[in-house]
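# A closer look at the structure
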Amino acid sequence: MAKMVRRRFFSLGGKLLAGGIVAGTIGKYFPDTVAHAAPTVRTGKTEGKWGFVVDTYKCIGCGRCVKACKAESQVPVDQEVYRTWVERYTVDYDKNVKIESPRGGINGFPEVENRERITKSFFVPKLCNQCENAPCTKVCPVGATYTTPDGVVLVDRERCVGCSYCIQACPYGARFKHPVFKVADKCTWCYHRISKGMTTACVQACPVGARVFGEIGVPDSPVDKILSEERVNILKPEAGTMPLVDYLGLDKVVV
Amino acid sequence: MNGYIYPNEANVVWTVMIVIYPYITGLVAGAFIISALYHVFNQKVFKPVSKLALVSALSLLLVAPIPLLLHLSQPLRAFNIMLTPNPSSAMAGFGYIYSFYLMIVLLEIWFIYRKNIVTMAEKSAGLSKIGYGLLSLGAKDLSPGTLAMDNRIINTLAVIGIPAAFGLHGYVGFIFGGIKANPWWSSPLMPVIFIASAVVSGTALLILVYGIGSRLRKREPDHQCMTALNKYLWIFLIVAVSLEALEIVNAGYQAKSYWPAVYGLLTQQIPLSFFGIQLLLGGLVPLILLPAARLKSFAREWQQRLTMIAAGLIVVGVFAMRWNVVIGGQLLSKTGMGYSGYVVPLLGREGLLMAVVVLILPIILFSVLSQIFPPWPKDEAAISEQIEVSKSRPELRSGTVG
Amino acid sequence: MKNSDSDQKVKLTDQPLFRIGMIIAIVLVLFIGLQQWFIPKSFGKTGHYRSDNIQEWTEHELQYAAGSDACLTCHSNVKNIFLSGSHEQLNCETCHGPAVKHPNNPMDSKPSIESSREFCGSCHQTLTGRPDTVITQIDLGTHMGFANCSDCHQPHNPGFKFGGAD
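Here the structure is a predicted model, which is why all the values come from computation and not from measurement.

For chain A, the helix and strand inventory stands at 8 helices and 11 strands. When burial is assessed residue by residue, chain A has 57% of its 255 residues classed as buried. Of all intrachain contacts in chain A linking residues separated by at least 6 positions in sequence, the fraction that spans at least 24 positions is 63%. Counting only carbon and sulfur atoms, one obtains 58% of the accessible surface of chain A, whose full area is about 10700 Å².

Another point: the pairing of strand β4 (residues 118-127) of chain A. Residue and element names in this part refer to chain A. For β4, a buried count of 7 out of 10 residues is recorded, marking the element as mostly surrounded by other parts of the structure. Examined bridge by bridge, strand β2 (residues 84-92) and β4 share 9 bridges and lie antiparallel to one another. Residue pairing for β4: Y89 is matched across the bridge by F122.

What follows is about the domain arrangement of chain C. For chain C, the assigned domains are domain 1 (12-58), domain 2 (63-112) and domain 3 (114-166). Taking only C-alpha atoms into account, the centre of domain 1 of chain C sits 64 Å from that of domain 3 of chain C.

All right, on to the interface of chain C and chain B then. With 20 residues of chain C in contact, the opposing surface of chain B contributes 24 residues. For the pair chain C and chain B, the summed buried area comes to about 1700 Å², and 77% of that belongs to carbon and sulfur atoms. Remark: the boundary between chain C and chain B carries 0 salt bridges. For the interface between chain C and chain B, the tally reads 6 residue pairs in polar contact (both at pLDDT 80 or more).

All names here are of chain B. Between helix α5 (residues 93-123) and helix α7 (residues 144-177), the shortest axis-to-axis distance is 9 Å and the interhelical angle comes to 155°. Taken together, the axis directions place α5 and α7 in an arrangement best described as roughly antiparallel. Here α5 runs over α7; the crossing is left-handed. The residue inventory of the contact of α5 with α7, partitioned by class, reads 19 nonpolar, 3 polar and 4 charged.

It is worth spelling out the nonpolar core at this point. It is characteristic of soluble globular proteins that their nonpolar side chains tend to be buried jointly. Among the nonpolar cores identified, the biggest contains 203 residues, and W189 of chain A together with W14, F46 and F176 of chain B are the most heavily contacted of them. Tallying contributions element by element places helix α1 (residues 16-39) of chain B first for this core, with 18 residues. Discounting residues that sit within four places of it in the chain, W14 of chain B has contacts with C163, S164, Y165 and Q168 of chain A together with H71, M91, I175, F176, W185, V326, I327 and Q330 of chain B. Core analysis: the next-biggest nonpolar cluster, separate from the first, contains 6 residues, V53, V212, V223 and I226 of chain A among them.

Take the pattern of salt bridges next. Residue and element names in this part refer to chain A. On inspection of all chains with the given rule, the structure shows 19 salt bridges over all chains. A salt bridge links R157 to D185; its shortest N-O distance comes to 3.0 Å. Taken together, the positions of R157 in the loop between β6 (153-155) and α5 (165-169) and D185 in strand β8 (residues 184-185) put the pair 28 residues apart, joining distant regions of the chain. Judged by relative accessible area, R157 falls into the buried class, the value being 17%. Owing to a relative accessible area of 1%, D185 belongs among the buried residues under this scheme.

Time to look at the interface of chain A and chain C. Listed by partner, the interface residues are 55 residues for chain A and 42 residues for chain C. Summed over both partners, the interface of chain A with chain C buries about 4000 Å², with 58% contributed by carbon and sulfur atoms. Counting every contact that joins chain A to chain C gives 20 residue pairs in polar contact (both at pLDDT 80 or more). Contributing elements (two or more residues each) for the side of chain A that touches chain C: α1 (2-25), α3 (64-73), β2, β4, β5 (145-147), β6, α6 (191-194) and α7 (201-205) of chain A. The element that contributes the greatest number of residues to the side of chain A that touches chain C is α1 of chain A, accounting for 6 residues. Its residues placed into classes, the side of chain A that touches chain C shows 26 nonpolar, 12 polar and 17 charged.

Residue and element names in this part refer to chain A. The element strand β1 (residues 49-55) is extensively covered by neighbouring structure, given that 7 of its 7 residues are classed as buried. Where burial is concerned, the two faces of β1 agree: the one with K49, G51, V53 and D55 and the one with W50, F52 and V54 are both buried. Here β1 runs beside strand β9 (residues 211-216); their pairing, made up of 6 bridges, is antiparallel. Residue pairing in the sheet places K49 in a bridge with I216 of β9. As paired strands, β1 and strand β11 (residues 245-248) are joined by 4 bridges and run parallel to one another. When the sheet's bridge partners are listed, D55 is paired in β11 with L248.

This part covers the sheet that holds strand β10 (residues 232-233) of chain A. All names here are of chain A. If you trace the 4 strands from one edge of the open sheet to the other, you get β9-β1-β11-β10, paired in mixed fashion. Edge positions in the sheet fall to β9 and β10, since each of these pairs with one other strand and no more. Of the pairings in the sheet, the one linking β10 to β11 comprises 2 bridges and is antiparallel in character. Within β11, the residue paired with V232 across the bridge is L248.

Moving on, we come to unusual backbone geometry. You will see that K95 of chain A, though not glycine, has its phi angle at about 65°, which is positive. Counting through the fold element by element, K95 of chain A comes out in the loop between β2 and β3 (97-100). The exposure class of K95 of chain A is exposed, given its relative accessible area of 64%. Positive phi is not limited to glycine here, since A255 of chain B has a value of about 45°. Along the chain, the position of A255 of chain B falls in the loop between α9 (223-254) and α10 (259-269). We classify A255 of chain B as partly exposed; its relative accessible area is 43%.

Basis of the calculations
- Residues numbered from 1 in each chain as written.
- Chains lettered and ligands numbered in written order.
- Predicted model: local features only at pLDDT ≥ 70, side-chain atom pairs only at ≥ 80, totals over all residues.
- Heavy atoms only, no water.
- Helix = DSSP H or I, 4+ residues; strand = E, 2+ residues; numbered from the N terminus.
- Buried < 20%, exposed > 50% of the residue type's maximum accessible area, 1.4 Å probe, protein only.
- Contact = heavy atoms within 4.5 Å.
- Areas by Shrake-Rupley, 256 points an atom, 1.4 Å probe, with all protein chains shown as cover.
- Pairing = 2+ DSSP bridges.
- Domains from an automatic or database assignment.
- Buried area = accessible area lost by both parts, 1.4 Å probe.
- Salt bridge = Lys/Arg side-chain N within 4 Å of Asp/Glu carboxyl O.
- Polar contact = N/O pair within 3.5 Å; in protein donor to acceptor, adjacent residues only side chain to side chain.
- Axes fitted to C-alpha atoms, helices over the stretch in contact; angles between N-to-C directions.
- Parallel < 35°, antiparallel > 145°, perpendicular 65-115°, else oblique.
- Left-handed = near helix turned anticlockwise from the far one by under 90°.
- Nonpolar A, V, L, I, M, F, W, Y, C, P; charged D, E, K, R; others polar.
- Core = buried A, V, L, I, M, F, W, Y, C linked by side-chain atoms within 4.5 Å.

The following block contains the structure:
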């Protein structure tokens, strides 16, 4: 017993020592401060990682993806929480921008009031960006949310304490408190599907191919093809989060 | 709700409980700083409130985790924060920083009251004899050598306590200041502002507790002490208000992309609680009232009264400041194009009623704790003379104290 | 530990600092013990998280089948027309809803069938923001009165039945 206690003390000593070393390794937890000169560029290592492209030129705003997502991931349909949602942007003659997403776009969108005044309009589907430098995993006090080796950010439903700090930290509003499980929840890129070789529910439900998902770094991957040939953009590059979701045709008014 | 907010932002997730938490811990820090001024910086004038400060700090500190637990949607897992604290999370520090701080306060109280405890354990009978006996941990020695040692320990603890208090507040501020997703929070000034306003609110609360407590006990508060508290509070307030103003002025002057959204927040969403309560009532008015209260032309009684009014305003103002940070920051949508809404529900775990209960709890706790650890000096009238006599008598609460 | 001459009489174990120190030590030891006991086994193996959780997520229940191919094996009459029509790019479950359980148990769990005008309109109704380069749009209010879409269009091959696109 005494020995045990002593060992425990040693482990305390070890912990204190480790605490000292933390100062040295602190950079590990601030990757954006050390690793990247251009924070918006994906890091070199791509093999075995997933990629997601949203083509805003194609989205027709039918809301099938939102519906499919809620069904697949068992998020209550009647609650204002979404793992993915669709926004409509309309710009009129006076350059007024109007953004809307009635119930996340799950039932589509109503016609606008004065259609003839609209000069530019389009839909933008949103989902978790599975950021490489994810602010949400960084702030989780208990290590309940993390990035898997293949680059997907998940929430451990058994460890989440429900403090909502990650919800605050996400610049994209992609996280929410799950009304049933009472833990933080978010898009997992249908981790249970992609790990079985299927595609995500939203990609599968999209009638027009506005969402493309696949591995990156493999030759015939559709995502890779777009990423290497098209001009893509990411949301909120200034946040330095390095999202893995790339957008085609992103307008400057998109928030 | 107006403008466009992300669909997931419809529910404000950090509710009034998260307003109360930093508010309560803030009050702790201030009380603690005053006690440190007495023990470390030898500000003898604070003697009448040095114990009071500690006991009220303890009653607040014990309540501080309650709003957090009420807010967690998985409160039973709260201990995870001690088990697997994430080193990259500002919030993960809570468990350890709080425990450390609590330990310091408990130790300080124990050492300060040890003489008291031991005498009580010897003189009283029945339950309280057993209770005090246990509290004394059997260390019943009151020889001058041991007492001198106690004093050294108390001073050391008070010295450690200052960085601990700053650490606790710096970290609470950083929880907000480190969130780059929220332009109203994200600022390196945030931890400093939190420390400053914590000290301000705590000092103000101490003035109120001392003032009101003395009145309730039909005693006159020690005037020198009140004046000194008034002066310190004024200086702390100048620092706090100018930092808060600086923050806004800087953001407005730089006018970065998010400024219109923040401006809209301040002028349309929370103008009353920001300009009206936080800055005017809780800042500028006390800034004038406090020095005014020291004017010789006022009678003693009125000087104290004005000081207490100013302190009351500050305590309210700092609550508004916490509200404006916590709730205001969430009203501001991450889209920068709209604002969500928040109304405190009356009932429920995070409702108004519960909030009132949480805010009253420290008062109840204080009245219980002050039975065990008598915080009031034995006779205020004689306090000023006592200051010179550095060795004070054991302040026993015999049956006739009242 | 003897700091001054006066406390020679006091035993070390009776000194307040020692007593309180013991309490702190006991609490610390208890805490570290509890910590070791309660931290899940797989925590910290691959990072600051419970790595078993990755496996748990992969086992999450499916709602949608793997794709149209999973349906066409049985529904050969649909297959015959579907693959040559302009809805070919659509997934069966986009219109019929989640149906992963249906193939195993076709009689008991049937996918939903929606065939209202509004249902087709959710994709085909003219709408601000909807690109007409991507999808043909009609106005539900004026396109062929109130008749059901499937009276004239076969949903699985929607070219106009009587000599349209097909």
